[in-house]
Amino acid sequence: LYEQLFYENQQASPAMLLKMAFIQEGLGEYSEALYYLNEYYLTTSDESAIEKMRKLSTQYQLRGYEYSDYDLFYNLIRKYRYFAIYGLCAILLAVIAYVAFSKRDRAEKPYGVGVTFVILLGALFYFTNYSVSPPLAIIMDDHTPIMSGPSSGANVIYISEKGHRVRVEGSKDIWTKIEWNGETAYIRQNNLRPI
(Lines give C-alpha, C1' and ligand atoms only; values in the text may rest on other atoms or scores of the structure.)
Protein backbone atom coordinates (compact mmCIF):
# COMPACT_ATOMS: atom_id res chain seq x y z
CA LEU A 1 0.00 0.00 0.00
CA TYR A 2 2.84 2.39 0.83
CA GLU A 3 4.58 1.68 -2.47
CA GLN A 4 1.33 2.20 -4.37
CA LEU A 5 0.85 5.58 -2.70
CA PHE A 6 4.47 6.53 -3.29
CA TYR A 7 4.90 5.42 -6.91
CA GLU A 8 1.42 5.62 -8.43
CA ASN A 9 -0.15 8.49 -6.52
CA GLN A 10 3.10 10.41 -5.91
CA GLN A 11 2.12 10.92 -2.27
CA ALA A 12 4.37 10.38 0.72
CA SER A 13 4.49 11.85 4.18
CA PRO A 14 7.77 11.91 6.10
CA ALA A 15 6.40 9.33 8.55
CA MET A 16 5.46 7.04 5.66
CA LEU A 17 8.95 7.31 4.14
CA LEU A 18 10.50 6.44 7.49
CA LYS A 19 8.19 3.42 7.88
CA MET A 20 9.05 2.26 4.36
CA ALA A 21 12.77 2.50 5.15
CA PHE A 22 12.27 0.55 8.40
CA ILE A 23 10.26 -2.16 6.61
CA GLN A 24 12.83 -2.52 3.82
CA GLU A 25 15.69 -2.71 6.31
CA GLY A 26 13.82 -5.44 8.19
CA LEU A 27 13.41 -7.37 4.94
CA GLY A 28 17.15 -7.09 4.27
CA GLU A 29 16.70 -4.75 1.30
CA TYR A 30 19.27 -2.18 2.41
CA SER A 31 19.39 -0.40 -0.98
CA GLU A 32 15.63 0.22 -0.79
CA ALA A 33 15.98 1.32 2.85
CA LEU A 34 18.71 3.78 1.87
CA TYR A 35 16.55 5.11 -0.96
CA TYR A 36 13.63 5.85 1.38
CA LEU A 37 15.97 7.32 3.99
CA ASN A 38 17.36 9.66 1.34
CA GLU A 39 13.85 10.71 0.37
CA TYR A 40 12.99 11.23 4.04
CA TYR A 41 16.11 13.35 4.55
CA LEU A 42 15.31 15.50 1.51
CA THR A 43 11.82 16.06 2.88
CA THR A 44 12.71 16.78 6.51
CA SER A 45 16.47 17.54 6.73
CA ASP A 46 16.49 15.36 9.84
CA GLU A 47 20.12 14.80 10.91
CA SER A 48 19.27 11.39 12.37
CA ALA A 49 18.56 10.14 8.83
CA ILE A 50 22.16 10.99 7.89
CA GLU A 51 23.42 8.99 10.86
CA LYS A 52 21.25 6.00 9.91
CA MET A 53 22.47 6.18 6.29
CA ARG A 54 26.07 6.32 7.53
CA LYS A 55 25.47 3.30 9.75
CA LEU A 56 23.94 1.25 6.93
CA SER A 57 26.58 2.33 4.41
CA THR A 58 29.37 1.39 6.83
CA GLN A 59 27.74 -1.94 7.63
CA TYR A 60 27.46 -2.86 3.93
CA GLN A 61 30.65 -1.02 2.82
CA LEU A 62 28.85 1.35 0.45
CA ARG A 63 30.19 4.49 -1.21
CA GLY A 64 28.60 7.88 -1.69
CA TYR A 65 27.13 8.50 1.76
CA GLU A 66 29.80 10.84 3.04
CA TYR A 67 28.46 14.23 4.13
CA SER A 68 30.67 17.27 4.25
CA ASP A 69 29.90 20.74 5.54
CA TYR A 70 29.41 21.67 1.87
CA ASP A 71 26.59 19.10 1.54
CA LEU A 72 24.95 20.25 4.76
CA PHE A 73 25.16 23.90 3.62
CA TYR A 74 23.47 23.13 0.32
CA ASN A 75 20.80 21.11 2.06
CA LEU A 76 20.13 24.09 4.31
CA ILE A 77 19.77 26.31 1.23
CA ARG A 78 17.49 23.74 -0.41
CA LYS A 79 15.38 23.47 2.74
CA TYR A 80 14.82 27.23 2.95
CA ARG A 81 14.76 27.83 -0.81
CA TYR A 82 11.24 29.22 -0.93
CA PHE A 83 11.89 31.59 1.95
CA ALA A 84 14.88 32.91 -0.01
CA ILE A 85 12.74 33.33 -3.14
CA TYR A 86 10.03 35.21 -1.23
CA GLY A 87 12.63 37.35 0.53
CA LEU A 88 14.32 38.23 -2.78
CA CYS A 89 10.95 39.14 -4.30
CA ALA A 90 10.20 41.42 -1.34
CA ILE A 91 13.60 43.13 -1.61
CA LEU A 92 13.15 43.57 -5.37
CA LEU A 93 9.76 45.17 -4.81
CA ALA A 94 11.30 47.47 -2.21
CA VAL A 95 14.04 48.50 -4.67
CA ILE A 96 11.45 49.19 -7.39
CA ALA A 97 9.34 51.20 -4.93
CA TYR A 98 12.41 53.16 -3.84
CA VAL A 99 13.29 54.04 -7.43
CA ALA A 100 9.69 54.91 -8.32
CA PHE A 101 8.93 57.05 -5.29
CA SER A 102 12.27 58.61 -4.45
CA LYS A 103 12.25 62.40 -4.51
CA ARG A 104 15.67 62.95 -5.88
CA ASP A 105 16.77 64.86 -8.92
CA ARG A 106 15.94 62.81 -12.03
CA ALA A 107 19.17 63.93 -13.68
CA GLU A 108 21.09 61.86 -11.15
CA LYS A 109 21.63 58.27 -12.30
CA PRO A 110 21.04 55.68 -9.53
CA TYR A 111 23.79 53.24 -10.60
CA GLY A 112 24.02 51.59 -7.18
CA VAL A 113 20.31 50.83 -7.15
CA GLY A 114 20.49 49.47 -10.71
CA VAL A 115 23.41 47.17 -9.89
CA THR A 116 21.64 45.96 -6.74
CA PHE A 117 18.49 45.31 -8.76
CA VAL A 118 20.37 43.26 -11.37
CA ILE A 119 22.19 41.20 -8.71
CA LEU A 120 18.95 40.47 -6.86
CA LEU A 121 17.19 39.58 -10.11
CA GLY A 122 20.04 37.20 -10.99
CA ALA A 123 19.84 35.54 -7.57
CA LEU A 124 16.08 35.17 -7.91
CA PHE A 125 16.51 33.62 -11.37
CA TYR A 126 19.06 31.13 -10.02
CA PHE A 127 16.97 30.08 -7.00
CA THR A 128 13.82 29.57 -9.05
CA ASN A 129 15.36 27.76 -12.03
CA TYR A 130 18.28 25.68 -10.82
CA SER A 131 18.64 22.93 -8.29
CA VAL A 132 20.99 23.84 -5.49
CA SER A 133 22.38 20.35 -5.09
CA PRO A 134 23.51 17.83 -7.67
CA PRO A 135 21.10 15.03 -8.53
CA LEU A 136 21.82 11.74 -6.80
CA ALA A 137 20.85 8.15 -7.57
CA ILE A 138 21.23 4.78 -5.90
CA ILE A 139 22.45 1.66 -7.69
CA MET A 140 19.60 -0.80 -7.19
CA ASP A 141 20.98 -4.03 -8.71
CA ASP A 142 23.83 -6.33 -7.74
CA HIS A 143 26.65 -7.00 -10.20
CA THR A 144 26.10 -3.71 -12.05
CA PRO A 145 28.95 -2.82 -14.41
CA ILE A 146 30.27 0.73 -14.20
CA MET A 147 31.76 1.57 -17.59
CA SER A 148 34.39 4.03 -18.79
CA GLY A 149 32.17 5.17 -21.68
CA PRO A 150 28.53 5.11 -22.80
CA SER A 151 28.82 1.79 -24.60
CA SER A 152 28.69 -1.91 -23.86
CA GLY A 153 32.09 -2.17 -25.51
CA ALA A 154 33.71 0.32 -23.13
CA ASN A 155 36.06 -0.82 -20.39
CA VAL A 156 34.50 -1.99 -17.14
CA ILE A 157 35.79 0.19 -14.29
CA TYR A 158 34.05 -1.63 -11.47
CA ILE A 159 31.37 -4.25 -10.87
CA SER A 160 29.14 -2.65 -8.26
CA GLU A 161 26.87 -4.18 -5.69
CA LYS A 162 23.54 -2.53 -4.95
CA GLY A 163 23.22 0.37 -2.53
CA HIS A 164 26.05 2.67 -3.65
CA ARG A 165 24.96 6.29 -4.08
CA VAL A 166 26.36 8.28 -7.01
CA ARG A 167 26.16 11.83 -8.33
CA VAL A 168 24.41 12.02 -11.69
CA GLU A 169 26.04 14.33 -14.23
CA GLY A 170 23.79 13.69 -17.23
CA SER A 171 22.50 11.01 -19.56
CA LYS A 172 23.07 9.78 -23.09
CA ASP A 173 20.69 7.27 -24.67
CA ILE A 174 20.34 4.39 -22.20
CA TRP A 175 23.44 5.45 -20.25
CA THR A 176 23.69 7.74 -17.25
CA LYS A 177 26.86 9.72 -16.73
CA ILE A 178 27.94 9.51 -13.08
CA GLU A 179 30.81 10.44 -10.83
CA TRP A 180 32.58 7.35 -9.49
CA ASN A 181 35.63 7.75 -7.24
CA GLY A 182 36.17 11.27 -8.55
CA GLU A 183 36.10 10.14 -12.19
CA THR A 184 33.47 10.25 -14.89
CA ALA A 185 31.84 6.87 -15.52
CA TYR A 186 28.69 5.49 -17.11
CA ILE A 187 26.00 3.10 -15.93
CA ARG A 188 22.78 1.85 -17.53
CA GLN A 189 19.77 3.93 -16.53
CA ASN A 190 17.69 0.90 -15.52
CA ASN A 191 20.23 0.07 -12.79
CA LEU A 192 19.75 3.43 -11.05
CA ARG A 193 16.92 4.95 -9.06
CA PRO A 194 17.08 8.75 -8.92
CA ILE A 195 16.59 10.39 -5.54
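Above: the structure in question.
All values reported here derive from a predicted model rather than from experimental measurement.

Scoring rules and cut-offs
- Residues numbered from 1 in each chain as written.
- Predicted model: local features only at pLDDT ≥ 70, side-chain atom pairs only at ≥ 80, totals over all residues.
- Heavy atoms only, no water.
- Helix = DSSP H or I, 4+ residues; strand = E, 2+ residues; numbered from the N terminus.
- Rg over C-alpha atoms; globule rule 2.2 N^0.38 Å.
- Buried < 20%, exposed > 50% of the residue type's maximum accessible area, 1.4 Å probe, protein only.
- Contact = heavy atoms within 4.5 Å.
- Areas by Shrake-Rupley, 256 points an atom, 1.4 Å probe, with all protein chains shown as cover.
- Lys, Arg positive; Asp, Glu negative; His and termini not counted.
- Charge placed at Lys NZ, Arg CZ, Asp CG, Glu CD.
- Phe/Tyr/Trp six-rings, centres within 6.5 Å; stacked < 30°, edge-to-face > 60°.
- Lys NZ or Arg CZ within 6 Å of the ring centre and 35° of its normal.
- Expected span 1.5 Å × (residues − 1).
- Arc of directions from axis to C-beta.
- Patch = residues over 30% accessible without salt bridge, like charges linked within 9 Å, V, L, I, M, F, W, Y side chains within 5 Å.
- Salt bridge = Lys/Arg side-chain N within 4 Å of Asp/Glu carboxyl O.
- Core = buried A, V, L, I, M, F, W, Y, C linked by side-chain atoms within 4.5 Å.

### Some remarks on the overall build of the protein chain
Summing up its helical and strand segments, the protein chain has 7 helices and 7 strands in all. Computed over its C-alpha atoms, the radius of gyration of the protein chain comes to 22 Å, more than 25% above the 16 Å expected for a compact globule of 195 residues. Taken over the C-alpha atoms alone, the protein chain extends approximately 70 × 40 × 30 Å along its principal axes. Here the protein chain, with 195 residues, has 33% of them falling under the buried criterion. Pairs at least 24 residues apart make up 54% of the contacts formed inside the protein chain by residues separated by at least 6 positions. As displayed, the protein chain has an accessible area near 12,000 Å², and 58% of this comes from carbon and sulfur atoms. Computing the positive centroid from 19 side-chain charges and the negative centroid from 21, the protein chain places the two 8 Å apart.

### What to know about the packing of aromatic side chains
Following the criterion strictly, the structure yields 7 aromatic pairs and no others. Between Tyr-35 and Tyr-36, the ring centres sit 5.3 Å apart and the planes meet at 70°, which makes this aromatic pair edge-to-face. For the residue pair Tyr-35 and Tyr-36, the accessibility class agrees, reading buried in each case. With a centroid separation of 6.0 Å and 40° between ring planes, the pair formed by Tyr-80 and Phe-83 is classed as tilted. Here the aromatic cluster, defined as three or more aromatic residues joined through ring pairs, consists of Phe-6, Tyr-7, Tyr-35 and Tyr-36. The ring of Tyr-158 carries Arg-63 above its face, with NZ or CZ at 4.9 Å from the centroid. One Lys or Arg, Lys-162, reaches over the ring of Tyr-30 and ends 5.5 Å from the middle of that ring.

### Thoughts on helix 2 (residues 14–26)
Since the α-helix packs 3.6 residues into each turn, any two residues three or four apart lie on the same face. End to end, helix 2 covers 18 Å across 13 residues, agreeing with the expected 18 Å (1.5 Å per residue, within 8%). Within helix 2, burial applies to Met-16, Leu-17, Met-20, Ala-21 and Gln-24. An end-on view of helix 2 places all buried positions within 140° of arc, on one side of the element. Exposed residues on helix 2 whose side chains face more than 90 degrees from its buried face are Phe-22 and Gly-26. Looking at the residues trailing helix 2, positive phi occurs at Gly-28, about 85°.

### Structural notes on a nonpolar patch on the surface
Nonpolar side chains collect at one region of the surface, where Tyr-2, Leu-5, Phe-22, Ile-23 and Leu-27 lie side by side and expose about 500 Å² of accessible area between them. When residues of the nonpolar patch are traced back to their parent elements, those giving at least two are helix 1 (2–8) and helix 2. Along the polypeptide, Leu-27 turns up in the loop between helix 2 and helix 3 (30–44). By relative accessible area, Leu-27 is classed as exposed at 62%.

### Quick look at the side chain of Glu-39
Residue position: Glu-39 is located in helix 3. Aside from chain neighbours lying at most four places away, what touches Glu-39 is Phe-6, Leu-17, Pro-194 and Ile-195.

### Concerning the nonpolar core
Grouped together as the largest cluster of nonpolar side chains are 22 residues, with contacts concentrated most on Phe-6, Leu-34, Tyr-36, Tyr-41, Met-53, Tyr-65 and Ile-138. No other element matches the 8 residues that helix 3 contributes to this core.

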